[in-house]
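Listed below are the residues making up each chain.
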Amino acid sequence: KGSQNPNIQALCTIENLQEQLQEAVELEFATIPLYMTSLYSIVDGCNSEIYDLIRSVLIQEMLHMVQAANILIATGGTPIVDNASFVPSFPGRLPGCVHPNLIVYLDKLNLSQVFDVFTTIEAPNITCVGQQFPVLSNHTIAQFYFEIRDCIQTLGDTIFQPESEELQVSWPWPLQENNPVGEVHIVTDVSTATDGINEIIEQGEGTDLLNPGDLDGGQIAHYYRFQEIVCGKKLINISDNEYAYSGANITYDPVGVWPMRQNPGAEGIMPGTNCYTQAAAFHGVFRALLRELQTTFSGNPSNIFKTVELMEALQVHAKRVMRVKYDPDDNDNEDT
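Quick summary incoming for the structure in this document.

### Section: the overall build of the chain
Phase 1: Counting its regular elements, the chain contains 9 helices and 2 strands.
Phase 2: When the helices and strands of the chain are listed from N to C terminus, the series reads α-α-α-α-α-α-α-β-β-α-α.
Phase 3: Here the chain, with 336 residues, has 51% of them falling under the buried criterion.
Phase 4: Sequence-distant contacts in the chain: of pairs separated by 6 or more residues, those separated by 24 or more amount to 69%.
Phase 5: Entry remark: accessible area of the chain is about 15600 Å², with carbon and sulfur atoms responsible for 51%.

### Points about the pattern of salt bridges
Phase 1: Taken as a whole, this structure holds 3 salt bridges when the rule is applied.
Phase 2: Across the salt bridge formed by K319 and D44, the nearest N and O atoms sit 3.4 Å from each other. Taken together, the positions of K319 in helix α9 (residues 304–323) and D44 in the loop between α2 (14–40) and α3 (48–74) put the pair 275 residues apart, joining distant regions of the chain.
Phase 3: The exposure class of K319 is buried, given its relative accessible area of 16%.
Phase 4: We note a salt bridge from K234 to E228, for which the minimum N-O separation is 3.5 Å.
Phase 5: Relative accessible area serves as the criterion here: at 27%, K234 is assigned to the partly exposed category.
Phase 6: Classification of E228 by relative accessible area gives buried; the value is 2%.

What counts, and at which threshold
- Residues numbered from 1 in each chain as written.
- Predicted model: local features only at pLDDT ≥ 70, side-chain atom pairs only at ≥ 80, totals over all residues.
- Heavy atoms only, no water.
- Helix = DSSP H or I, 4+ residues; strand = E, 2+ residues; numbered from the N terminus.
- Buried < 20%, exposed > 50% of the residue type's maximum accessible area, 1.4 Å probe, protein only.
- Contact = heavy atoms within 4.5 Å.
- Areas by Shrake-Rupley, 256 points an atom, 1.4 Å probe, with all protein chains shown as cover.
- Salt bridge = Lys/Arg side-chain N within 4 Å of Asp/Glu carboxyl O.

And the structure:
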């Protein structure tokens, strides 16, 4: 793929751009259950550094979803989230033809999940650490957004609706000076749309081919954060444009992770059991979250604060579900 292909350039219309932006919202949302599941499988007080690393990525994926939604709203579109087709299925593939050979799945925290799934999702074409990747045939997240960015630049400022500014969503959490999350850009023209897309790319893959991001008090790109978990070491700069996972230790303790079957679903869970009750409560909050998110993206941006409250409630219910011992032969599943 690539926007230099005349066949792709011919598809650069406002209708196709809005369709790609909807897929961008779906793509960013699809990463959230993956990262959230591993995050909340961590026992409270255990694997604290890994918990913080995954949570920092999760928060930025939420930011990316809002940013993609703002660009779509700015062009006169409305993101569709409260729809069965919006919710990803696991195991499955990512939206937008991103890494089409990758099958993603829900799993507790383990190094295979982080390496096989998380680093592949965030992988750049070239890494600044160790041996460089060959040019990948897979369509990376950055390549997906390059095509959107190129199409926006081709169509120009006239695609942006002046009245859309008041319909867009601002980031609901205050920025932290020593732990920057990033910025949600209010989109009014090609320049601000480009700024928003560039931030998504930089936070996921890195600021450029030779730079993993800010190593001095800020946050490195998602790919490198996940690699830190796999390597068990912080990434440090060892010389000009040369980096290595040889810093402080990052310890992974499998004992500090709740047991969980992959891709958990409703099958085998009997109504009336604790497992069923906790799972149903989680599902109810999740459905409410999608409804409030749809309201937020449909011209009510201040509703984002209700969405945040539900996100926080979802965390509580997710941790409760994780603590329930699942046994299909047990009529009253108990907390572990």
